[in-house]
Amino acid sequence: MPHAPHPTSHSRLTLGVATFIAVFGFLPIANWIPGGRDVSWYGNQIVAWLVAIVACLGAGTILAILSRHVRWLWRDRLLDNASNAFGRSPWPAAVLLAAFAGVLYACTASLFARRPILIDEVVQLFQARVFLQGRLWLPASPHPEFFSAMHVVDTNGKVYSQFPAGGPAFLAVGAIVGAPWLIDAIYGAFTIVAFVAFLRIAEPRPGVALGAALLFALAPFTVFMSGSHMNHVPLLMCLMIAMAALAHIVSSDRPRPALALLCGLGFGCAATVRPVDALAFALPAGLWLLSRALKERTRWLDALAAGVGVAIPALALVWVNVQTTGAPFLFGYEVLWGKAHALGFHAAPWGIAHTPARGLELINLYFLRLQLYFLETPVPALLPAIVALALTRTLSAIDRYLIASGALLVGLYFAYWHDGFFLGPRFMYALLPALVLWTARALPIVRDRLNGRSWGPVPAYRAIVFGSLAAVAAGIAIRIPIRVQQYSHGLVSMRWDPDSAAASSNVRNALVLVKETWGSQLLYRMWAIGVTRTQAEHVYRNIDSCMLEERLRAVEGAGVRGQAAYDSIAPLLRDSLKLTRSYSSPDTTERVLSGYAYSSLCEQRIDDDRAGTTIYAPTLLAHTGGNVYARDLHERDRWLLRQFPGRPLYVLTAGANEAVPRFHPASRDSLERSWAAEPH
């Protein structure tokens, strides 16, 4: 009996990758780690997946049997003409697909009211508008508590976004023409063209390349993200341009310095948007080009040109950092949060310890979520890629590059403390080209392995094809409409447009006091007296809100600032283990110490929250009407009244049962009376 052939190093690698994705994409590892996150939806989801797999395979089996008798159900080589045409001349198809997808992405932006609805988007668009003023930063107010916002740096007299400059710069292109909501759709369309250029080298089979291009353009994760203001979209465009250039460089039998320069520019621009993601793809590419140069002297031209390409945008980023943060490699988020924001296993900015166990939890969450958000099918979305990887025996150099870059990306985010979730596992968005390519390869690989086999009367390959089509149809008919409904009705307060609302209410050149929750006010007041963001988050999450209010008033009254202010508040942390979430305020982030008697002032603040609040962040983007928006801080508003005399006065808030805020006229006398009546 002959021995089975030993697996090659390539098959071991692909089997290892498939196993990794299967383990983290199917098992509830997070639920098994003591004290970790509870993936509460896993039990129901695994049942739903099993039911969907059985149902789709059942439908596929029935259709496969029928296809033996109803000939129009199945035609061999049905798509050969389209595949061959795409192989011969891919560019007209690529441009047409990109144009169609761009329109689809632009329409998708309407689900989000063409507004940034995540604070990251808001702050980056805010910075984009600062750039359009010909400035890198705005002058800070002497009282930042009225104007501060999450992710906005307001130290050393400067106000600017905490994010690297590239993301806002890409948004500024759309803001120039007054349509920042459209620019990610355009970037998404360009990414498709770059992906097709990449496929010309990465995938020699025209049918698989066509399928990959269609899947990349129309995958729900791509569509929804490209309708947003998120910086992941221009990031992927830059990475895809760089990877397409890289693929053509390494497949050429002569140096390609122009393409190498383009490759470097792509990676360099990506680094100005999201440095971690850029590193994951640029480092293997750089090592690849360097190794080729060491083996063949003429290839040094490629390596040097790529290095110059990376350096140009990198130097621009360094210059912006020097002008804003004061140091070339210091980013705004480190100014706000310190070294706790960096990669590594340490206390995170919000006090949670990021450990290797927590890193495993997050990676597990990312892959579980990819199963849902990548394709929005009722069956697990990563299953085809897992099958394709497990059955693959040979890898091209491009395949190995994608695996190395993907592994590095996952490893870097394993060491990052934040849970990146918005419209899906956004930190894994850069994996889409690889996931799409392996997904498109799944059916051809299965066909080759089955080689015409049948399961009794059932043609095996036909059953799998029909089952796959059933899964796609169910996703289009059921899951995508649910997701559309979710996205079009979520985060109502963030999608509110202050400019159009002010215009419709005839609010112009006014001072508008934005009524936020008591908890938010406490945070911003701590920031204003020099308590660091990390310290403030730790204090806020671990001290009774009323105790914090009373101590904070004493510290403010004594004029204590900085570390001394924190040292005055920190002794209250001794009761942190006895705290619970607020049982009386709508703001559940506020903390309560059982048995602590609330003062009349604290009871008043809770009553204020019950009466209705809104959020300040959307007003950062107000740029018409001449209105000044400031956070309402009760009697501290007297400074605002002195600073902006003679302006009409309004309070912006939403009622207790309302989501959309409204402008309520107010007078200085009425505010003075309300402040005088407040308990002290």
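Please refer to the structure higher up on the page.
Residues numbered from 1 in each chain as written. Predicted model: local features only at pLDDT ≥ 70, side-chain atom pairs only at ≥ 80, totals over all residues. Heavy atoms only, no water.

Q: Break down the overall build of the protein for me, with residues and values.
A: Assigned secondary structure in the protein consists of 28 helices and 11 strands. Taking 26 Å as the expected radius of gyration for a compact globule of 680 residues, we find that the protein reaches 28 Å, a close match to that expectation. Dimensions of the protein, computed from the C-alpha atoms along their principal axes, are close to 90 × 55 × 50 Å. The buried share of the protein, taken over its 680 residues, is 54%. Partitioning the intrachain contacts of the protein with sequence separation of at least 6 by distance along the chain shows that 76% fall at a separation of at least 24. If you sum the accessible surface of the protein, you get close to 29400 Å²; carbon and sulfur atoms cover 64% of it. In the protein, 57 side chains carry a positive charge and 42 a negative one; their mean positions are 11 Å apart. (Helix = DSSP H or I, 4+ residues; strand = E, 2+ residues; numbered from the N terminus. Rg over C-alpha atoms; globule rule 2.2 N^0.38 Å. Buried < 20%, exposed > 50% of the residue type's maximum accessible area, 1.4 Å probe, protein only. Contact = heavy atoms within 4.5 Å. Areas by Shrake-Rupley, 256 points an atom, 1.4 Å probe, with all protein chains shown as cover. Lys, Arg positive; Asp, Glu negative; His and termini not counted. Charge placed at Lys NZ, Arg CZ, Asp CG, Glu CD.)

Q: I'd love a proper account of the pairing of strand β10 (residues 649–653), names of residues and values included.
A: Of all 5 residues making up β10, 5 are buried, and the element is well covered by its neighbours. In β10, alternate side chains face the same way, and those of Leu649, Val651 and Thr653 on one face and Tyr650 and Leu652 on the other are all buried. Bridge analysis of β10 against strand β11 (residues 662–666) gives 5 bridges, and the strand direction is antiparallel. Considered in β11, the bridge of threonine 653 is made with arginine 662. (Pairing = 2+ DSSP bridges.)

Q: Summarise the sheet that holds β11; cite the residues concerned and give the values.
A: Whenever strands of a sheet pair, they do so through backbone hydrogen bonds, lying parallel or antiparallel. If you trace the 4 strands from one edge of the open sheet to the other, you get β9-β6-β10-β11, paired in mixed fashion. Bordering the open sheet on either side are β9 (628–631) and β11, each of which pairs with just one other strand. Across the sheet, the axes of successive neighbouring strands diverge by a mean angle of 30°, strand direction being ignored. In terms of strand pairing, strand β6 (residues 511–514) meets β10 through 4 bridges, oriented parallel. Along β10, the bridge assignment pairs leucine 511 with leucine 649. (Axes fitted to C-alpha atoms, helices over the stretch in contact; angles between N-to-C directions.)

Q: Explain the nonpolar core to me, and be specific about the residues and the numbers.
A: Judged by nonpolar contacts, the single largest core of 195 residues is most densely connected at Phe198, Phe374, Met526 and Phe663. Broken down by element, this core gets its largest block of residues, 15 residues, from helix α11 (residues 232–250). Residues contacting phenylalanine 663, with those up to four places away along its chain left out, are Trp496, Pro498, Ala501, Ala502, Ser505, Val507, Val512, Tyr629, Tyr650, Val651 and Leu652. One finds Phe146, Leu641, Leu671 and Trp675 within the second-largest nonpolar core, a separate group that totals 14 residues. (Core = buried A, V, L, I, M, F, W, Y, C linked by side-chain atoms within 4.5 Å.)

Q: Give a description of the packing of helix α8 (residues 180–202) against α11 that names residues and reports values.
A: Relative orientation of the contacting elements α8 and α11 amounts to 20°, with a least axis distance of 8 Å. Looking at the two axes, α8 sits roughly parallel to α11. Crossing geometry of α8 relative to α11 is assigned as left-handed. Only Val233, Pro234, Leu236, Met237, Met240, Ile241, Met243, Ala244, Ala247 and His248 of α11 make contact with α8, whose side of the interface consists of Asp184, Tyr187, Gly188, Phe190, Thr191, Ala194, Phe195, Ala197, Phe198, Arg200 and Ile201. Its residues assigned to classes, the contact of α8 with α11 comprises 16 nonpolar, 3 polar and 2 charged. (Parallel < 35°, antiparallel > 145°, perpendicular 65-115°, else oblique. Left-handed = near helix turned anticlockwise from the far one by under 90°. Nonpolar A, V, L, I, M, F, W, Y, C, P; charged D, E, K, R; others polar.)

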